[in-house]
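Here's the letter readout for the chains.
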Amino acid sequence: MIILVINSGSSSLKYQVREGDDVLAQGLIESIGEEWVPDHAAAIEHFDTELAVILQGKTIDAVGHRVVHGGERFGEPVLITPEIIRAIERLNPLAPLHNPANVLGIRAVAQKWPGIPQVAVFDTAFHRTLPERAWRYAVPDELYTKHGIRRYGFHGTSHDYVTRKAAEFLGTPRENFNAVIAHLGNGASVTAVRGGRSIDTSMGFTPLEGLVMGTRSGDIDPSILLFLAREGYSPEDLDTLLNRESGLRGLAGTNDMRSVEKAADGGDKAAQLALEIAAYRLAKYVGGYHVAVGGAHALVFTAGIGENSSSFRSLVAGQLTALGIELDPDLNELRGSSARVVSTAGSAMPVLVVPTDEEGAIAEATAATVGAAAAAGS
Ligand code: ADP
């Protein structure tokens, strides 16, 4: 089955064409809205010529879309229908930047290839299994009932995929697998997995909650917002401040971990402190989630920083000696593109690096959803 995976943003569209594990083509169309790519339909035309060459007469069987917010309704990937599009749009208030952009991608595909099955794979879906004690904020009930204010969690496709791969790697049946999964990219989140399911995660109502990220603050005292609002900051100012100017960028002047590490190695005190804060905050979550899952069987690192930064992994592990976690310095330095152990044989739990593959997971979910729908219809 040939699957086109689309991650549609308001001004960019990322695509990948897969046939099983093979990536046939991939790319990123930027500057949507400018004269040369006026809209998402034009973005598809930009790579359609390349596709025709690569597919050599074969056609795309289905399209899988990354959809950011599935709210309380979507715990699984779904075949897209007009009703599903309306349901995604009803969630726009919860994800005002992302869901409308995702729908633009869905509509552009429908216009280009009418009749091709499309599947929505939600970033929140894996966290639908959070118990209420984990997803409720301690605020008056009407904030939840009127506005949907609760914790949703994000990066679900990655956490789900990495959970499965880690369990397979360790030879543990998924339903018995307890773990703490740290997805550390530009955005970063950590998930508590019990019995193979998400029972807690660090991102909340939006992706702002939790860890120190590239440009996001993660957890702060909400009173800081009240204080700043009284000082004259507008909602837009606060949004920019906490989502775009904070995190590593706020502390060290750059959101790119490689640059922060380079600066820290060169003796830059602000960069060293930024790394310490980020590692400390993650270590606290790992300790908390180890308790939440009733004893983790593994700590798993994934995404750009988790997979590639041996020094950040070792900073975090250095704070986890109370859990009996011990990295093997040689294994930790080895590079590789498949799942591997980076802890010592004597470590109280294995520490793994498991490369994530969100596009692969979306393609797989798309094929399965289309297959199940065809079987149900036949
Ligand atoms: P996104 O959330 O955009 O998908 P990625 O998962 O690609 O992000 O992660 C991007 C982050 O990974 C950046 O901060 C980048 O500096 C960091 N990174 C990538 N390679 C390395 C490396 N070798 N050492 C340290 N950090 C790295």
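What counts and what doesn't
Residues numbered from 1 in each chain as written. Predicted model: local features only at pLDDT ≥ 70, side-chain atom pairs only at ≥ 80, totals over all residues. Heavy atoms only, no water. Pairing = 2+ DSSP bridges. Helix = DSSP H or I, 4+ residues; strand = E, 2+ residues; numbered from the N terminus. Contact = heavy atoms within 4.5 Å. Axes fitted to C-alpha atoms, helices over the stretch in contact; angles between N-to-C directions. Domains from an automatic or database assignment. Buried area = accessible area lost by both parts, 1.4 Å probe. Phe/Tyr/Trp six-rings, centres within 6.5 Å; stacked < 30°, edge-to-face > 60°. Buried < 20%, exposed > 50% of the residue type's maximum accessible area, 1.4 Å probe, protein only. UniProt positions renumbered as here; feature names shortened; annotations may be inferred. Core = buried A, V, L, I, M, F, W, Y, C linked by side-chain atoms within 4.5 Å. Near = heavy atom within 4 Å. Polar contact = N/O pair within 3.5 Å; in protein donor to acceptor, adjacent residues only side chain to side chain. Areas by Shrake-Rupley, 256 points an atom, 1.4 Å probe, with all protein chains shown as cover.

## Points about the sheet that holds strand β3 (residues 22-29)
Part 1: Taking strand neighbours across the sheet as the criterion, the six strands line up as β3-β2-β1-β4-β6-β5 in an open arrangement whose pairing is mixed. Because the sheet does not close on itself, it has two edges, and the strands there are β3 and β5 (78-79).
Part 2: Bridge count between strand β1 (residues 2-8) and strand β4 (residues 62-67): four bridges; the pairing is parallel. Each bridged residue has a counterpart across the sheet, and for isoleucine 3 the counterpart in β4 is alanine 62.
Part 3: Sitting on the sheet, helix α15 (residues 358-377) touches β1, β2 (13-19), β4, β5 and β6 (118-122), and the angle it makes with β4 is about 125°.

## Notes on the domain arrangement of the protein chain
Part 1: If you check the domain split of the protein chain, you get domain 1 (2-122) and domain 2 (171-358).
Part 2: The gap between the C-alpha centroids of domain 1 and domain 2 is 29 Å.
Part 3: Facing five residues of domain 1, the contacting portion of domain 2 comprises four residues.
Part 4: Carbon and sulfur atoms make up 41% of the area that domain 1 and domain 2 hide from each other, which totals about 300 Å².

## Some remarks on the packing of aromatic side chains
Part 1: In the structure shown here, the tally under the stated rule is five aromatic pairs.
Part 2: On the basis of an interplanar angle of 40° and a centroid distance of 6.4 Å, the ring pair of tyrosine 152 and phenylalanine 205 is categorised as tilted. Taken together, the residues tyrosine 152 in the loop between α5 (141-147) and α6 (156-170) and phenylalanine 205 in the loop between β9 (197-201) and α7 (223-230) connect sequence positions 53 residues apart.
Part 3: Overall, tyrosine 152 belongs to the buried group, its relative accessible area being 4%.
Part 4: When the centroid spacing of 5.6 Å and the interplanar angle of 70° are considered together, the rings of tyrosine 285 and tyrosine 289 count as edge-to-face.

## Regarding the UniProt feature "binding site: substrate" (unreviewed entry) in the protein chain
Part 1: According to UniProt, the feature "binding site: substrate" (unreviewed entry) maps to Arg66 in the numbering used here.
Part 2: Inspection of the secondary structure assignment puts arginine 66 in strand β4.
Part 3: With residues up to four places along the chain from it excluded, the contact list for arginine 66 reads Ile6, Asn7, Asn102, Val121, Asp123, Glu358 and Ile362.

## What about the nonpolar core?
Part 1: Grouped together as the largest cluster of nonpolar side chains are 45 residues, with contacts concentrated most on Leu184, Val190, Leu282, Leu299, Phe301, Phe312 and Val316.
Part 2: With ten residues, helix α11 (residues 269-292) is the largest single contributor of residues to this core.
Part 3: There are two domains that each give this core at least three residues, and those are domain 1 (2-122) and domain 2 (171-358).
Part 4: In this view, phenylalanine 301 contacts Ala182, Leu184, Leu282, Gly306, Arg313, Val316, Val351, Leu352, Val353 and Val354; residues no more than four positions away in its chain are not counted.

## Observations concerning the site of the ligand
Part 1: Near the ligand you find 14 residues, and of these Asn186, Asp256, Met257, Arg258 and Gly304 are the closest.
Part 2: Isoleucine 305 places a polar main-chain atom, nitrogen or oxygen, 3.3 Å from an oxygen atom of the ligand.
Part 3: Within the complex, the protein chains bury 71% of what would otherwise be the 570 Å² of accessible surface of the ligand.
Part 4: When residues of the shell around the ligand are traced back to their parent elements, those giving at least two are α10 (257-265) and α12 (303-308).
Part 5: When residues in the shell around the ligand are grouped by element, the largest group, four residues, is from α12.

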